[in-house]
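Summary of the model geometry
Next come the chains, spelled out residue by residue.
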Amino acid sequence: MNSLRLIRRHAAAFGRFAGLGCGVTLAASAALVLLAQWIPWMAANALTTVASTVVATELHARVSFGHGRPGLSGHLKSAATMIAGWLVTSAAVGALDALRPGSGLVLQQAVYLSATALVGVGRYLVLRLVVFADRAPRTRAGGSVRLRVAYDAAA
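Parameters at a glance
- Residues numbered from 1 in each chain as written.
- Predicted model: local features only at pLDDT ≥ 70, side-chain atom pairs only at ≥ 80, totals over all residues.
- Heavy atoms only, no water.
- Helix = DSSP H or I, 4+ residues; strand = E, 2+ residues; numbered from the N terminus.
- Buried < 20%, exposed > 50% of the residue type's maximum accessible area, 1.4 Å probe, protein only.
- Contact = heavy atoms within 4.5 Å.
- Areas by Shrake-Rupley, 256 points an atom, 1.4 Å probe, with all protein chains shown as cover.
- pLDDT = per-residue confidence, 0-100.
- Salt bridge = Lys/Arg side-chain N within 4 Å of Asp/Glu carboxyl O.

**Structural notes on the overall build of the protein chain**
In terms of helices and strands, the protein chain carries 5 helices and 2 strands. Listing each helix as α and each strand as β along the protein chain from the N terminus yields α-α-α-α-β-β-α. Counting the 155 residues in the protein chain, one finds 25% classified as buried. For the protein chain, the share of sequence-separated contacts (at least 6 apart) that also reach a separation of at least 24 residues comes to 62%. Carbon and sulfur atoms provide 72% of the accessible area of the protein chain, an area that totals close to 9700 Å².

Written out as structure tokens, the structure reads:
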């Protein structure tokens, strides 16, 4: 595969990853607001985090990477990347607070969003290269083989 086609394939996959991630995050935010009216905020946050991670993993596996169903292993690995991301963003905001107490909302959001963007790129790389890495062609029902080329052509 030539380098331009490879770049286009990964750019398309990253675009799908980012778009789906943003959509799931916005839906989870709306669900959190609704759930928090009936149950404590911490419980609503935990529920929406788990649900959005499961939904995002399914979407990323199927749509972003053309991998098919992720299975339990894929879900657990994806959840681990979410936990790592939460730790990184929390550490970034905590470090800001330690280094510049009372830094203000604008700087806190700038640090948080920058850390979130870096986490998103890192998460994409881990999911793309490790969790949902290209595999050998799979046999589909009916005996035909699903080639990676078919996915590449769609990208």
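Moving on, there is more to tell.
**Remarks on the side chain of Glu-58**
Looking at the secondary structure, you find Glu-58 in helix α2 (residues 41-64). The class for Glu-58 is buried, based on a relative accessible area of 16%. Apart from residues no more than four positions distant in its own chain, Glu-58 is found in contact with Arg-69, Pro-70 and His-75.

**Some words on the confidence of the model for the protein chain**
Of the residues in the protein chain, 85% have a pLDDT of 70 or more, and the chain-wide mean is 83. Least confident of the elements in the protein chain is helix α5 (residues 148-154), whose mean pLDDT is 44; most confident is helix α3 (residues 71-99), at 90.

**Focus on the pattern of salt bridges**
Once their charged atoms are close, side chains differing in charge can pair, the charge on each being opposite to the other. Summed over all chains, the structure comprises 2 salt bridges. Across the pair Arg-62 and Glu-58 runs a salt bridge whose closest N-O atoms are separated by 3.1 Å. Here Arg-62 and its partner Glu-58 are both found in helix α2, 4 residues apart, which amounts to about one turn of the helix. Take Arg-62: its relative accessible area is 42%, and that puts it in the partly exposed class. Here Arg-69 ties to Glu-58 by a salt bridge, and the two come within 3.3 Å at their closest N and O atoms. Highlighted residues: Arg-69 in the loop between α2 and α3 and Glu-58 in helix α2, separated in sequence by 11 residues. Since its relative accessible area comes to 62%, Arg-69 is described here as exposed. Beyond isolated ion pairs, a larger network of salt bridges with shared partners links Glu-58, Arg-62 and Arg-69.

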